[in-house]
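# A closer look at the structure
Residues per chain are reported as follows:
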Amino acid sequence: NIFQQLSTVTLSPNTPTQVPVVIEIPQGLEAGYYPITFVFDYNGITQQYTYNLYVNGTQPVYEPITASLVGYQPLTIGKNKTIYLVLSANTTQIYNLIIQAYAVGGQVYPEQQQVQIGGMYTEQIPLNVTAEDNNVTVYVNIIDAQNGEWLYALEETYRATEQKI
């Protein structure tokens, strides 16, 4: 129970009465639905009403592995630049991951195609990118090697400029 309050209200027959109720939401309460039960008792006759209170916000989704791409813009057409695949773990389990990368408008080569990650750890895996066009879209798939499940499919477009002579 988050909160309980007992109070007495005097009611008169055939007269509607409003009963104001103030519910204080505790700090740090996560978003979601919480049942609120009102119980009315009169001479041993009990009437119970349950309402769902919605606490606004986003519900956190805890994922054992997260992934993102970090790169520096702009790329230069014809030149190799390094962007990074950032993998973070928040788990007691060890994951063996397969990294698949490809690009449209250029080439991408991950320095590692398999990585083992677990615990409370973050790793940056260099991806060598060569731009062949004004825009390079890099696609990276992160796959659990144990069961073949796709954990992430990342996509990021980088702008590329002409090489200055």
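The structure we're discussing is the one just above.
Conventions we followed
- Residues numbered from 1 in each chain as written.
- Predicted model: local features only at pLDDT ≥ 70, side-chain atom pairs only at ≥ 80, totals over all residues.
- Heavy atoms only, no water.
- Helix = DSSP H or I, 4+ residues; strand = E, 2+ residues; numbered from the N terminus.
- Buried < 20%, exposed > 50% of the residue type's maximum accessible area, 1.4 Å probe, protein only.
- Contact = heavy atoms within 4.5 Å.
- Areas by Shrake-Rupley, 256 points an atom, 1.4 Å probe, with all protein chains shown as cover.
- Pairing = 2+ DSSP bridges.
- Lys, Arg positive; Asp, Glu negative; His and termini not counted.
- Salt bridge = Lys/Arg side-chain N within 4 Å of Asp/Glu carboxyl O.
- Patch = residues over 30% accessible without salt bridge, like charges linked within 9 Å, V, L, I, M, F, W, Y side chains within 5 Å.

### Side note on the overall build of the chain
- Helix and strand counts for the chain stand at 0 helices and 9 strands.
- Shown N-terminal to C-terminal, the secondary structure of the chain runs as helices and strands in the order β-β-β-β-β-β-β-β-β.
- When burial is assessed residue by residue, the chain has 27% of its 165 residues classed as buried.
- Long-range pairs, those at least 24 residues apart, make up 58% of the contacts in the chain between residues at least 6 apart in sequence.
- Accessible surface computed for the chain: about 12,200 Å², of which carbon and sulfur atoms make up 48%.

### Considerations on the pairing of strand β9 (residues 150-161)
- In this structure, strand β4 (residues 75-76) lies alongside β9, joined through 2 bridges in parallel fashion. Its bridge partner being in β9, Thr76 is matched across the sheet by Thr161.
- Of the strand pairs in this sheet, strand β8 (residues 135-144) and β9 are connected by 9 bridges, and their pairing is antiparallel. Among the inter-strand pairings, Val140 is bridged to a residue of β9, identified as Leu154.
- Taken together, β8 and the strand that follows it, β9, pair antiparallel across an intervening segment of 5 residues, in which Gly148 is found at a positive phi of about 75 degrees.

### What about the side chain of Glu123?
- With respect to the helices, strands and loops of the structure, Glu123 is situated in strand β7 (residues 114-131).
- We note that Glu123 is buried and unpaired, the nearest opposite charge coming from Lys81 at a distance of 23 Å.
- Excluding residues that lie within four positions of it along the chain, Glu123 makes contacts with Leu85, Val86, Leu87, Gln112, Val115 and Gln116.

### A short note on the side chain of Asn128
- Looking at where Asn128 falls in the secondary structure, it is placed in strand β7.
- Beyond its immediate stretch of four places on either side in the chain, Asn128 contacts Asn80, Lys81, Thr82, Gln107, Val108, Tyr109 and Glu111.

### A word on a nonpolar patch on the surface
- There is a patch of nonpolar side chains on the surface, built from Val9, Leu11, Val19, Val21, Ile23 and Ile25 and spanning about 500 Å² of accessible area.
- With relative accessibility at 58%, the residue Leu11 sits in the exposed group.

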